[in-house]
Each structure stands twice: as C-alpha cells, then as structure tokens.
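# A closer look at the structure
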2 protein chains.
Amino acid sequence: MNTTTVEPPFLDLSSPSAQPSISATDDIPSSVEIIPLGGAAEIGKNMLAIRSGHDLIVIDAGVTFPDNDLPGVDLIIPDFTYLADNADDLRAIVLTHGHEDHIGALPFLLRRVQAPVYGTPLTIGLARERLDEHGLLGSADLRVVEAGGRIACGSMSVEPIRVTHSIPDTVSLAIHTPVGKIVHTGDFKVDHTPVDGRPFDAARFAELGDEGVILLISDTVNAEKKGWVPSESVVGTVFDQHFRDAPGRVLVTTFASNIHRIQQFLTAAERHGRKAVIAGRSMIRNIRVARELGHLRYPDELMVAVDEMDDLAPDEIAVLTTGSQGEPLAALSQMARDSHKIRIQPGDTVIMSSTPIPGNEDAIWRTVNRLIRLGARVVYDLISPVHVSGHANQEELKLVLSLTRPLYVVPFHGEPRMMQAYTDMVAGMGFDRDRVIWLDNGNRLILDGADAMLGEPIPVSGRVLVDGMSAGGVTDAVLRDRRHMAVGGTVIVTVALDGETGHILDGPEIVSRGFLHPNDAEGLFEEARDLVVEALNDSAGSDEIDSDDLRALTRDTVSRFLRKRTGRRPVVVPVVMEV
Amino acid sequence: MNTTTVEPPFLDLSSPSAQPSISATDDIPSSVEIIPLGGAAEIGKNMLAIRSGHDLIVIDAGVTFPDNDLPGVDLIIPDFTYLADNADDLRAIVLTHGHEDHIGALPFLLRRVQAPVYGTPLTIGLARERLDEHGLLGSADLRVVEAGGRIACGSMSVEPIRVTHSIPDTVSLAIHTPVGKIVHTGDFKVDHTPVDGRPFDAARFAELGDEGVILLISDTVNAEKKGWVPSESVVGTVFDQHFRDAPGRVLVTTFASNIHRIQQFLTAAERHGRKAVIAGRSMIRNIRVARELGHLRYPDELMVAVDEMDDLAPDEIAVLTTGSQGEPLAALSQMARDSHKIRIQPGDTVIMSSTPIPGNEDAIWRTVNRLIRLGARVVYDLISPVHVSGHANQEELKLVLSLTRPLYVVPFHGEPRMMQAYTDMVAGMGFDRDRVIWLDNGNRLILDGADAMLGEPIPVSGRVLVDGMSAGGVTDAVLRDRRHMAVGGTVIVTVALDGETGHILDGPEIVSRGFLHPNDAEGLFEEARDLVVEALNDSAGSDEIDSDDLRALTRDTVSRFLRKRTGRRPVVVPVVMEV
C-alpha cells in the first residue's frame with residue numbers, strides 16, 4: 001500500500017546537511033541554474049544543463065527511442081537551441097556512462113557546438129565509436145577522466161563518483177558550485193558484489209553529505225519497486241546452472257552494452273567447456289572495445305566462428321546474440337523466423353537475459369513463442385532470474401538520500417509516475433514534500449544556496465525527431481498522416497482536366513495502397529469514379545471554382561463514399577492535372 | 001528456477017483415473033476429435049470444436065484484438081470454413097462466459113451457420129446485446145443453461161460446472177462422450193471467497209476425477225506464475241481504504257465486463273458516503289444487463305448523473321469509468337487529455353483497477369502520466385493491490401489436474417510460452433510429458449478412450465481479419481503497405497503523357513503524405529521532377545515501352561533518389577495518365 005502516512009524519519013532529513021551560505025561578493029555568481037533539456041516527450045531526461053554565471057556544463061547527450069506513437073521515427077534527440085545560443089559559455093560536456101540514452105545524441109550535438117567531452121575510459125571508448133560512424137572523430141575533443149578526478153569548469157568543477165549500473169565505468173557526478181554542492185546520481189544501482197570488483201562508492205556519498213549538499217538529482221526509474229535490486233553476480237550463478245544442465249546448445253541474448261553480463265556469459269561458457277559464438281554486429285563491436293579497455297577478459301581460444309560450430313557437439317556451444325528486444329533485423333529474431341544461418345533445433349536452450357523496454361513486449365514475446373515452436377526451451381525473467389535491473393530500487397534510492405541529506409531533491413530520469421512514487425517514498429522518510437521539485441524540459445531551477453525557485457522557462461521543442469539521416473522535417477502533421485495511413489491506407493484519385501473548359505480529359509483513375517486488396521476494391525472504385533465524374537461535371541464551367549476547390553471536391557466525394565460503404569477512412573489524395 | 005527435475009508426485013498421476021474402455025459396437029462412435037479453430041495468429045484459443053461421429057459441438061466463439069503488427073485491423077475472428085462445411089452436424093454452440101474473446105465472434109459465426117447457442121444467464125444476456133447490435137437477435141436461438149444442467153448433443157452431452165473468473169456466471173464444461181469424459185476448464189481461477197458468494201465447484205471436479213477423465217483441456221494464461229491468485233474480495237478491502245482516505249474524488253477504471261469489480265466499487269462508494277457516477281457507454285450497458293439479471297445490487301439513489309456532480313463535495317464523489325487500457329476514445333483517456341466534461345483536478349485519486357493487455361502498455365502509461373501531470377494521484381497495480389487476475393496461477397492449475405487425474409492434458413488458451421510453462425509444471429508433478437499434447441489451430445486430436453493421435457489437420461487460415469464493417473479484404477500485401485507507409489509515408493508522382501507521342505503534357509506533379517513537411521520536401525521534389533522528366537524523355541518514342549514500364553521507371557527513379565538523399569523509403573506511387 002502506498003498511503004501517504006509519514007513514517008518517523010530514521011535520519012533527521014528535516015534538517016539537511018547543507019546550511020544556507022549565500023556568497024555576497026560580486027565576482028562569484030550567487031546563483032546556479034539547473035535546466036533539463038532533453039529528449040523525450042513526457043520526461044526530462046537524456047540531457048541536463050547547469051549554469052553558474054557564464055559557465056555552462058552539459059551532463060549527458062542521449063537519445064530516446066520512440067514508442068509506437070511515432071511511426072517511422074528512428075530517434076528523439078534533445079533540442080540544442082539553448083546550447084547553440086549560449087555556445088560561448090559552454091565549458092564541458094560530461095558523460096555519466098556509455099548507454100545510448102546518455103551518449104547517443106553526441107554526434108548531433110557536436111555538429112552544433114564545440115566543447116570538450118569528458119567521460120570515463122569505457123564511456124569515451126563507446127562515444128568514440130559513435131562519433132567515428134558519423135565521421136566526427138577528427139574534430140571532437142574527447143578527454144578521459146577517472147572517478148575521483150576533477151573537471152574544472154570556470155566557477156564550477158565536476159567530480160565523477162564511482163557507482164554501479166548495467167554498464168561498467170558508470171559515474172555519478174558531484175558538481176561543486178559557488179552556492180554549494182549538487183549531486184547528480186545519473187543511472188545507478190548499489191551493487192556491493194559487482195562483476196568487475198569495483199563497487200558503489202558509498203563512502204564518497206557520505207562525505208559529500210557531511211560537507212553539505214544543496215541539491216540531489218536522483219534516478220527514479222525503479223522508484224515504484226520495493227527493496228533492493230539483486231547484484232549482477234546473481235545472474236552468473238543462474239547462468240552456471242543453465243550452462244551446466246542444458247542438454248544442447250545454450251543461446252543467450254542481452255543488451256550489447258551490458259559488458260558485465262557478457263563477461264558472465266564468457267565465464268560460464270569457459271567454465272562448462274563450451275566455445276563462445278558471437279552473433280550480431282553491435283555485440284561484436286562492443287566486445288572489441290570493452291576488451292581493449294580491459295573490461296572483458298577471456299582467452300582467445302574461447303571464441304569460435306559461426307562456421308566452426310558444426311565441428312562441435314551441441315553441449316560444447318554457447319551463442320551470445322543480439323535481439324533481446326525483438327528487433328526484427330537482430331540475429332535472434334532472424335533465428336526465430338528460421339532465416340539465420342544459426343538454425344534453432346530441439347534441445348537448444350535460449351536465455352532471454354534482459355527485460356523488455358516498454359513498447360517492445362509484443363515483438364519480444366513473438367520471438368519467444370516462435371523459438372518455442374521451433375523446439376527450443378526458452379528461459380526468461382518470469383520463470384528464472386536470468387536478468388537483474390541496472391537501476392536502484394527504493395531501498396537504494398533511500399540510501400543515497402540518507403547519505404547525502406540534501407536541501408532539495410529533483411526526481412529525474414523517470415516518467416511522472418516514477419516521480420510520484422519517488423516523492424511518496426521520500427515523504428515516507430520524513431523528507432518535506434515541498435523540497436521535492438519536479439522539473440520539466442526547459443524549466444530553470446534557480447538555487448542560491450538557501451532557496452530554490454523556478455525562473456522563466458527556456459523555450460524547448462521538447463523533442464527533435466530523427467528519421468533517416470537527418471533531424472527535423474517530421475512534424476506533427478506528418479506523423480498524423482502516417483498514423484492515419486497505417487490504419488486506413490491511402491486512396492489516390494487522379495484526373496486530367498482540360499485547362500480551358502474544365503472538362504475531363506482522362507480519368508478519374510483510382511489506385512490504392514494499404515486499403516483493400518485490389519480485387520475487393522475494384523467494384524467500389526468503379527462506383528467512386530462515377531461519383532467523381534458527376535461531381536466534376538456539375539462544377540465544370542463555373543468560374544468561381546479553382547483547382548483547390550476541385551481537389552477538395554474530389555477528395556470529399558471519394559472519402560464520404562468509401563466511409564459509407566466500408567466503414568473505413570483511408571487518406572484520400574486527389575491529384576487534379578490541368579492539361 | 002524452472003528446472004526439469006521431477007518431484008515425487010503427491011497423487012499418483014502416472015496411473016490416471018480413466019481406464020481404457022473402447023466401445024466396440026457399431027452404433028456408438030468409437031473416437032472423438034478435438035479441433036481448435038481459432039482466431040489468433042500464434043495461439044489456439046477463442047474457439048474449439050468437438051466431434052463425435054456426426055455430432056459436432058462448438059465451444060466459444062471469441063475474437064482476438066490485434067497487436068501493433070496488424071495496423072488498422074479491428075478484430076481477428078476464427079476461420080469458420082470447417083463449421084460451414086459441416087453445418088448439418090452442428091448440434092450446439094456452448095459459451096463458457098461472456099468475455100469478448102469467447103463470445104465476440106458470435107455475430108459473425110451466426111451469419112454462416114445455424115445452431116442453438118447455450119450459456120449461463122449473464123453470458124446469454126451479454127451475447128444478446130452483441131447480437132442485437134448486429135441486428136441478428138431475431139434469428140438467433142439462445143438458450144439459457146445453469147451450472148449442473150445438461151445439454152444433449154446427439155451422442156454427447158455437455159455439463160456446465162460452476163467456476164470463478166473475472167466475470168460472473170463463468171463455467172467449465174464436462175463433455176460426456178462415447179469414449180469418455182473430457183473436462184474443458186475454459187478461463188477460471190479458484191476463488192473460495194468470490195464477491196457473489198458462488199465459489200469454484202471443486203467437488204464436481206473431484207467427482208469427475210473419480211468417474212474417470214480421458215482429457216483435460218486446461219487454461220494456461222498464468223501458468224508462468226507461482227502460487228495462488230488472491231481472491232477478488234481482496235480488491236474490495238483495498239477499495240475501502242482508498243474510498244475512505246482519499247481527500248477528494250475517487251475515480252476507478254476497470255474492464256467494463258468485470259461485474260464483480262463494479263459491485264465492489266458500488267459497495268465501497270455506498271459505504272463511504274460517495275455517490276456513484278458512471279462514465280463510458282460499455283460500462284453503462286453492462287451495468288444495466290448485470291443488474292437486470294441480479295448480478296449487481298445497489299440502491300437507485302446511489303447513482304448520480306455527471307451534471308449533478310457539481311452539487312457534491314469532492315469527497316462525496318466516486319466515478320467509475322472506461323479507459324483501463326488507454327483506449328484513445330474512452331472516457332478516462334479523454335479526461336487525461338483534459339477533453340472530457342469530467343475535468344481532473346488536484347486532489348483526485350485515480351485507481352487503475354486492471355492490468356495492461358499486452359500491447360497496451362504504452363497507451364496506459366501515457367494516460368497515467370498525463371493524469372499525474374494534471375494533479376491527480378494515480379494508484380495502480382505496481383504500487384497498491386488494486387487488481388487481481390481472473391486466471392488461475394500454478395497452484396490452482398495443479399489442483400484441477402490433481403482433482404481430475406486425466407489420461408491426457410491439452411494446455412490451451414495461452415501462447416507457446418505458457419504451454420511450455422504448463423508442461424514443465426505438470427512434469428514436476430510426475431505427469432508424463434508424453435501425455436501433454438500441444439495443439440495448433442486446425443489440428444485434429446483423435447481420442448479413442450485409450451490412445452491419443454493426431455489426424456490429418458483441417459485447413460484453417462489461422463486468422464480472419466475484420467476491419468471496418470466487414471471481414472476479409474485485408475490481405476498480407478495490404479498490411480505490408482500499411483506498415484511501410486506508417487514508417488515512411490507515401491510520395492505520389494503523377495504525369496500526363498501524350499498518348500500518341502509519349503511526350504509529357506503536364507507534370508510530373510509530386511505530392512506526399514506522411515513523408516516530410518512540404519517545406520522541407522520542396523527542393524527535393526523539384527530535383528526529383530527533373531530526374532523523372534529526363535528518364536521519361538529518354539524513353540519517349542520507344543515502341544517497346546508500355547505504360548507499366550513507364551510507371552516502374554517513374555517509381556524507381558524517385559525511390560532511388562529519395563533514398564539516396566534522405567535515407568527514407570516512402571511508398572512511391574506512380575500515376576501515369578495518357579491523354
């Protein structure tokens with residue numbers, strides 16, 4: 001039950017660690033602004049700006065993947081207008097980790113502004129790949145920083161803090177500003193037994209709490225979930241069982257960026273005498289980058305090529321493949337459709353070591369069902385703990401709040417429902433609801449060390465859609481037409497008129513796409529043609545009718561007729577040529 | 001962990017209750033056939049036929065709602081060809097309960113075949129509404145049967161058994177055949193404290209087990225889930241808390257068919273001094289039908305109209321609304337967009353008393369997020385137990401298997417992943433995997449009382465798509481075009497040629513829908529026009545080129561150009577008029 005009863009606080013969160021300390025000199029800026037800038041329609045994530053006087057820092061530059069409501073859109077990127085308008089003030093772009101929703105918009109951003117890009121080794125390694133694909137590697141200024149280092153940004157400095165997440169080398173950030181310290185958790189979980197032996201740095205959060213934190217910007221993705229997320233190493237134990245017990249081949253799919261999970265796959269394969277086969281381009285690329293940087297360890301002889309599988313017994317094979325989200329072109333999806341060179345066979349065990357990204361459920365279950373029909377045994381989260389989340393559950397979120405004891409908190413990187421859950425949770429700890437601030441894209445939160453207030457918002461479009469090679473061009477009207485055609489198809493009515501007399505020279509010709517099978521439509525279209533001829537003849541010779549009117553007349557005649565006769569509403573496109 | 005270890009059986013399921021007893025006389029059919037007939041692409045559900053000699057029974061006639069893969073399709077109905085071809089043998093259509101996926105295809109079926117339709121009072125009441133909407137009430141032969149009754153069907157008889165589910169008056173069926181008894185669970189859960197005081201009839205299942213069951217056809221929807229589903233009455237307790245504690249109005253959304261849930265809403269409203277307002281047509285209709293049949297009890301004065309809400313304080317109001325699946329036109333979705341006459345205001349509590357049907361997650365969370373942004377507090381399954389499932393979890397499924405001790409079992413009404421989970425579960429009980437039979441649409445399972453074998457399958461299309469008013473016409477090619485246009489839009493190229501010389505008289509004119517904003521496309525289209533002119537001029541005068549060739553030339557020229565320049569692949573439709 002999520003009632004609003006306030007529990008007695010176990011730490012006195014009503015007296016925060018930070019004391020009001022406003023600087024009164026003229027040289028030092030006496031306020032700091034926090035401005036979410038990014039990306040998705042509903043939630044402020046992917047990118048955040050922090051301004052102190054004429055010093056501007058950008059944290060992350062991520063993309064959002066569109067839901068079914070945005071057909072044909074490949075990516076959503078943040079609106080960079082504010083950054084381009086303030087390019088002279090931009091001191092640094094700081095990346096928290098290497099996931100697409102935190103680095104994927106970097107190529108688009110660096111085409112608009114110039115600034116040094118900071119990140120930990122793996123994050124910079126993955127950003128480098130992304131920039132290389134866009135031909136931007138030569139012009140980018142990439143700088144590696146380790147957790148515990150400091151990035152000087154004029155009147156501010158940024159300190160990465162080691163945390164744990166579903167990709168190695170993830171950091172939270174402490175931003176040291178003239179009015180106090182801000183802690184931005186980024187994406188994190190509290191893992192005390194991570195696969196790479198580099199646990200969450202709770203001590204540094206505690207120190208910052210002692211020093212005084214004015215603002216905590218917190219991950220909220222799992223704020224609805226009670227307890228603690230299990231350690232990543234739990235999955236290794238489960239892999240061990242399956243790799244040992246599976247009668248035939250084991251195929252594992254996971255996110256290509258989940259290097260910890262990939263390491264556990266490789267370790268389990270080696271331990272149980274299975275050779276590793278890698279399927280899928282992004283998987284191959286990330287393994288190369290992560291191994292070069294020391295984040296993956298395995299002997300060369302562990303890996304075999306797909307063609308070499310035939311020389312091995314099924315129980316000597318473990319395949320790691322892309323396709324955990326049911327992406328139609330990914331290797332596992334092709335295997336499920338029996339159109340990949342790796343053919344699924346009875347005796348195979350497929351492990352879905354991932355969780356559906358919202359919106360992908362249909363595609364993922366379709367893949368799972370197809371694999372089962374082909375004779376595979378499929379193991380997934382619901383029936384075996386083959387996946388753990390990379391985001392903190394409630395107890396971990398509470399821990400970070402307790403360690404930092406901030407004056408204010410911004411629930412971030414979640415949807416409104418997660419912000420609601422986070423707010424209820426901290427209120428239950430005795431944290432004052434009035435000190436929980438919900439921000440939206442373009443909001444300006446102004447902190448002076450004591451008070452928090454909202455300034456005049458920055459105009460942001462909320463989302464910039466990338467479709468094909470370029471951003472822009474996909475407007476709401478375009479999307480509306482796409483949605484409309486997706487459900488009703490399109491019917492095109494073409495007629496050639498004599499430019500002088502308005503008499504029909506040829507047509508009307510009616511063709512359709514995605515409406516009805518031509519055989520079923522033929523009779524209908526014949527009737528519709530007669531109606532158009534009648535309507536156009538009635539209007540011929542009238543001087544008051546221009547070609548816009550003729551198009552509208554044609555469209556309305558056909559739309560009305562088809563709706564009445566079929567109940568369907570295709571997009572009717574009239575083309576009137578005057579010859 | 002879902003390992004395949006076989007636990008010691010707690011009942012001796014290796015010696016089933018039914019003994020082989022083949023009838024050898026000529027009069028009595030010596031085998032029975034089970035034929036799933038329906039509906040969805042991936043799974044055998046919605047409709048099942050049972051044949052004994054020349055007696056044919058149909059169980060259920062349901063629809064499936066399409067996923068995102070079938071844009072514009074309203075419904076999927078079973079393929080009725082086999083039933084139409086065997087109409088003379090059809091003795092009865094027996095409905096297990098009143099959900100759309102069990103009765104929704106009845107109007108389409110009764111247009112093809114004539115047979116008496118049997119069901120419990122509420123099921124028949126809801127079927128009557130559905131038939132009335134289709135103008136078929138006059139011709140339909142609807143017959144009410146109570147649990148415990150018998151329906152004579154030639155050499156077979158059907159006995160409804162009272163079970164519990166998310167709609168009242170749900171029954172399992174015992175089919176008494178010449179070769180033995182078949183138990184078809186339909187959808188069920190084991191609720192010992194149902195809202196209407198009519199619990200699951202475990203005793204009858206046990207009796208049937210004693211008498212001997214050759215086949216159990218079992219629900220598998222929740223076969224992946226451990227334990228027992230909580231009783232429906234648990235939700236009433238949670239409603240009580242929210243209706244008591246909410247500071248303002250309470251708004252509840254649930255499935256309009258969940259009469260138990262509606263009763264609990266009404267009871268909680270009355271108990272806590274709130275008047276009830278009903279929003280949404282299907283909700284109003286079902287309340288009327290259910291009350292007439294005695295399945296809903298409330299005093300007339302509990303209900304007020306929407307207009308009367310203004311006279312009441314917020315904490316005197318409880319609203320029951322459609323929209324639990326985020327359907328764009330439902331009342332709650334309109335409220336979330338602030339376009340309904342009931343305006344969401346801070347202080348409102350919205351209870352999502354339902355679970356997402358797969359594929360609807362995006363739309364539901366969008367609604368939830370919008371409601372939160374409007375100031376409502378939204379309560380849902382993840383944060384408060386405001387919903388329970390209507391389908392049996394593993395312990396309930398095991399109970400029914402133990403009570404009936406069948407010779408064979410068919411996991412039914414689920415996807416392959418649920419069939420896999422069910423099979424593992426019963427194997428863990430000591431049930432022989434070889435006696436678990438997976439059926440697909442059109443499969444013919446032949447039982448002779450001792451053996452089970454698969455006959456030559458019946459050809460079924462798997463799915464018949466209903467779009468607009470009619471079934472058919474929406475072919476795979478039509479769907480492919482819709483999907484293609486949904487992501488790329490359409491570009492239409494029209495040109496008028498001189499029929500004699502092949503010279504261009506007018507055009508090419510290029511218009512688009514759902515491609516790019518016209519301003520962004522203008523320059524591109526100008527270049528594309530030049531390319532088309534060039535290509536057509538090159539081919540003019542050649543006798544070997546017909547109008548199909550000209551169309552292909554136009555299409556390919558434009559497609560190639562747009563793909564190269566934009567990375568997009570719209571559906572290019574060429575219209576060549578020869579004047």
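Residues numbered from 1 in each chain as written. Chains lettered and ligands numbered in written order. Predicted model: local features only at pLDDT ≥ 70, side-chain atom pairs only at ≥ 80, totals over all residues. Heavy atoms only, no water.

## Some remarks on the overall build of chain A
Counting its secondary structure elements, chain A contains 15 helices and 25 strands. C-alpha atoms of chain A, sized along the principal axes, occupy 85 × 75 × 55 Å. The buried share of chain A, taken over its 579 residues, is 59%. Counting only contacts in chain A whose residues sit at least 6 apart along the sequence, the fraction spanning at least 24 positions is 73%. When the accessible surface of chain A is summed, it comes to about 22000 Å², and 49% of that surface belongs to carbon and sulfur atoms. Both charge centroids of chain A, one from 54 positive and one from 83 negative side chains, sit 5 Å from each other. (Helix = DSSP H or I, 4+ residues; strand = E, 2+ residues; numbered from the N terminus. Buried < 20%, exposed > 50% of the residue type's maximum accessible area, 1.4 Å probe, protein only. Contact = heavy atoms within 4.5 Å. Areas by Shrake-Rupley, 256 points an atom, 1.4 Å probe, with all protein chains shown as cover. Lys, Arg positive; Asp, Glu negative; His and termini not counted. Charge placed at Lys NZ, Arg CZ, Asp CG, Glu CD.)

## Things to note about the side chain of glutamine 325 of chain A
Residues and elements named next belong to chain A. Residue placement: glutamine 325 occurs in the loop between strand 15 (317-321) and helix 9 (331-336). In this structure glutamine 325 comes out as buried when scored by relative accessible area, which is 5%. Within the structure, glutamine 325 has its side chain in polar contact with the backbone oxygen of threonine 355 (distance 2.9 Å). Side-chain polar atoms of glutamine 325 contact the side chain of asparagine 360, separated by 2.9 Å. Excluding its chain neighbours within four sequence positions, the residues that come into contact with glutamine 325 are Phe255, Ser354, Thr355, Pro356, Ile357, Asn360, Ala363 and Ile364. (Polar contact = N/O pair within 3.5 Å; in protein donor to acceptor, adjacent residues only side chain to side chain.)

## Details of the packing of helix 12 (residues 416-428) of chain A against helix 10 (residues 361-373) of chain B
Running from N to C, helix 12 of chain A and helix 10 of chain B cross one another at 55°; their axes reach a closest spacing of 8 Å. As far as their axial angle goes, helix 10 of chain B and helix 12 of chain A are oblique. Contact residues: helix 12 of chain A offers Pro416, Arg417 and Gln420 of chain A, while helix 10 of chain B offers Trp365, Val368, Asn369, Ile372 and Arg373 of chain B. Split into classes, the residues belonging to the contact of helix 12 of chain A with helix 10 of chain B amount to four nonpolar, two polar and two charged. (Axes fitted to C-alpha atoms, helices over the stretch in contact; angles between N-to-C directions. Parallel < 35°, antiparallel > 145°, perpendicular 65-115°, else oblique. Nonpolar A, V, L, I, M, F, W, Y, C, P; charged D, E, K, R; others polar.)

## Description of the environment of glutamate 578 of chain A
As for its placement among the helices and strands, glutamate 578 of chain A is situated in strand 25 (residues 571-578). Look at glutamate 578 of chain A and you get partly exposed, because its relative accessible area is 35%. Spatially, the C-alpha atom of glutamate 578 of chain A lies 72 Å from that of valine 213 of chain A, the residues being 365 residues apart in sequence. Not counting residues up to four positions away in its chain, the partners in contact with glutamate 578 of chain A are Leu497, Gly499 and Ser547 of chain A together with Asp506 of chain B.

## Things to note about unusual backbone geometry
Residues and elements named next belong to chain A. A positive phi is found at aspartate 60, a non-glycine position, where the angle reads about 70°. Within the secondary structure, aspartate 60 sits in the loop between strand 3 (55-59) and strand 4 (75-77). One non-glycine residue, arginine 405, adopts positive backbone phi at about 40°. Secondary-structure assignment places arginine 405 in the loop between helix 11 (394-404) and strand 18 (408-412).

## Quick look at the environment of isoleucine 103 of chain B
Residue and element names in this part refer to chain B. The topology assignment puts isoleucine 103 in helix 2 (residues 100-103). For the pair isoleucine 103 and threonine 123, spaced 20 residues apart in the sequence, the C-alpha separation amounts to 8.3 Å. Discounting chain neighbours no more than four positions away, the residues touching isoleucine 103 are Ala61, Gly62, Leu95, His97, Gly98, Thr123, Leu126 and Ala127.

## Some points on the sheet that holds strand 8 (residues 151-153) of chain A
All names here are of chain A. Here six strands make up an open sheet; going across it, the order is 8-9-10-11-12-18 and the pairing mixed. Because the sheet does not close on itself, it has two edges, and the strands there are strand 8 and strand 18. Within the sheet, the average angular offset between the axes of one strand and its neighbour, ignoring direction, is 20°. Two elements, strand 9 (residues 156-162) and strand 10 (residues 171-177), share six bridges in a ladder whose sense is antiparallel. Bridge pairing links proline 160 to leucine 173 in strand 10. On top of the sheet, helix 11 reaches strand 11 (180-184), strand 12 (213-219) and strand 18; it is set at about 170° to strand 12, its chief contact. (Pairing = 2+ DSSP bridges.)

## Some words on a nonpolar patch on the surface
Nonpolar side chains collect at one region of the surface, where Leu505 and Val579 of chain A together with Leu505 and Val579 of chain B lie side by side and expose about 260 Å² of accessible area between them. Structurally, leucine 505 of chain B is set in strand 24 (residues 504-513). (Patch = residues over 30% accessible without salt bridge, like charges linked within 9 Å, V, L, I, M, F, W, Y side chains within 5 Å. Salt bridge = Lys/Arg side-chain N within 4 Å of Asp/Glu carboxyl O.)

## Here's the deal with the interface of chain A and chain B
Contacts between chain A and chain B engage 86 residues on the former and 86 residues on the latter. Summing both partners gives a buried area of about 7100 Å² for chain A against chain B, and 53% of it is carried by carbon and sulfur. One can count four salt bridges joining chain A with chain B. Its salt-bridge partner being aspartate 424 of chain A, residue arginine 377 of chain B comes within 2.8 Å of it at the nearest N-O pair. The interface formed by chain A and chain B contains 18 residue pairs in polar contact (both at pLDDT 80 or more). The element contributing the most residues to the side of chain A that touches chain B is helix 10 (residues 361-373) of chain A, with nine residues. The class makeup of the residues in the side of chain A that touches chain B is 36 nonpolar, 24 polar and 26 charged. (Buried area = accessible area lost by both parts, 1.4 Å probe.)

## A few points about the side chain of glutamate 361 of chain B
Take glutamate 361 of chain B: it is sitting in helix 10. Comment: no salt bridge for buried glutamate 361 of chain B; closest opposite-charge side chain is arginine 417 of chain B, at 8.2 Å. With residues near it in sequence (within four places) discarded, glutamate 361 of chain B still touches Glu361 of chain A together with Pro356 of chain B.

## Focus on the confidence of the model for chain A
Residues and elements named next belong to chain A. Residues with a pLDDT of 70 or more make up 92% of chain A, whose mean pLDDT is 88. Under a pLDDT of 50 for its full length, residues 19-26 has, in the predicted model, nine contacts with residues more than four places off or in other chains. For this predicted complex, the interface score ipTM comes out at 0.82, while the overall pTM is 0.85. (pLDDT = per-residue confidence, 0-100.)

## As for the packing of helix 6 (residues 233-245) of chain A against helix 7 (residues 259-271) of chain A
Residues and elements named next belong to chain A. One way to put it is that helix 6 packs onto helix 7 with a least axis distance of 9 Å and a crossing angle of 35°. As for how helix 6 packs across helix 7, the hand of that crossing is right-handed. Of the residues in helix 7, those in contact with Ser233, Val235, Gly236, Phe239, Asp240 and Phe243 of helix 6 are Arg261, Gln264, Phe265, Ala268, Ala269 and Arg271. Looking at side-chain class alone, the contact of helix 6 with helix 7 contains six nonpolar, three polar and three charged residues. (Left-handed = near helix turned anticlockwise from the far one by under 90°.)

## Brief notes about the relation of the copies chain A and chain B
Superposing chain A onto chain B requires a rotation of 180° together with a translation of 0.1 Å along the rotation axis, leaving an RMSD of 0.2 Å. The transformation just described matches what one would write down for a two-fold rotation axis. It is alanine 486 of chain A whose C-alpha, among those of chain A, lies nearest the rotation axis, at 2.4 Å. (Least-squares fit on C-alpha atoms with pLDDT ≥ 70 in both.)

## Digging into the packing of aromatic side chains
This structure, assessed with the given rule, holds 12 aromatic pairs over all chains. With 5.1 Å between their ring centres and 75° between their planes, tryptophan 365 of chain B and tyrosine 380 of chain B make a pair best called edge-to-face. Placement of the pair is tryptophan 365 of chain B in helix 10 and tyrosine 380 of chain B in strand 17 (residues 377-380), with a sequence separation of 15 residues. Just as tryptophan 365 of chain B is buried, tyrosine 380 of chain B falls in that class too. An aromatic cluster is built from Phe188, Phe200 and Phe205 of chain A, whose rings are joined through pairwise contacts. The ring of phenylalanine 108 of chain B has arginine 111 of chain B sitting right over it, with the charged end atom 5.8 Å from the ring centre. Here arginine 291 of chain B stacks its cationic end above the ring of tyrosine 298 of chain B, 3.9 Å away from the centre of that ring. (Phe/Tyr/Trp six-rings, centres within 6.5 Å; stacked < 30°, edge-to-face > 60°. Lys NZ or Arg CZ within 6 Å of the ring centre and 35° of its normal.)

## Quick word on the pattern of salt bridges
All names here are of chain A. Applying the stated rule across the entire model yields 60 salt bridges over all chains. Taking the shortest distance from any N to any O, the salt bridge between arginine 291 and aspartate 300 comes out at 2.8 Å. In this structure, the salt-bridge partner of aspartate 424 is arginine 433, at a minimum N-O distance of 3.0 Å. Given the relative accessible area of 8%, aspartate 424 is considered buried. For arginine 433, a relative accessible area of 37% puts it in the partly exposed group.

## Topic: the pairing of strand 11 of chain A
Residues and elements named next belong to chain A. For strand 11, a buried count of five out of five residues is recorded, marking the element as mostly surrounded by other parts of the structure. Here strand 10 runs beside strand 11; their pairing, made up of five bridges, is antiparallel. Opposite histidine 176, over in strand 11, you have lysine 181 as the bridge partner. In this antiparallel pair of consecutive strands, strand 10 and strand 11, the connection spans two residues. Pairing analysis gives four bridges linking strand 11 to strand 12, with the strands arranged parallel. By the bridge assignment, valine 183 is partnered in strand 12 with leucine 216. Regarding the hand of the β-α-β motif, the stretch spanning strand 11, helix 5 (residues 202-211) and strand 12 is right-handed. (Right-handed = clockwise from strand over helix to strand, strands pointing away.)

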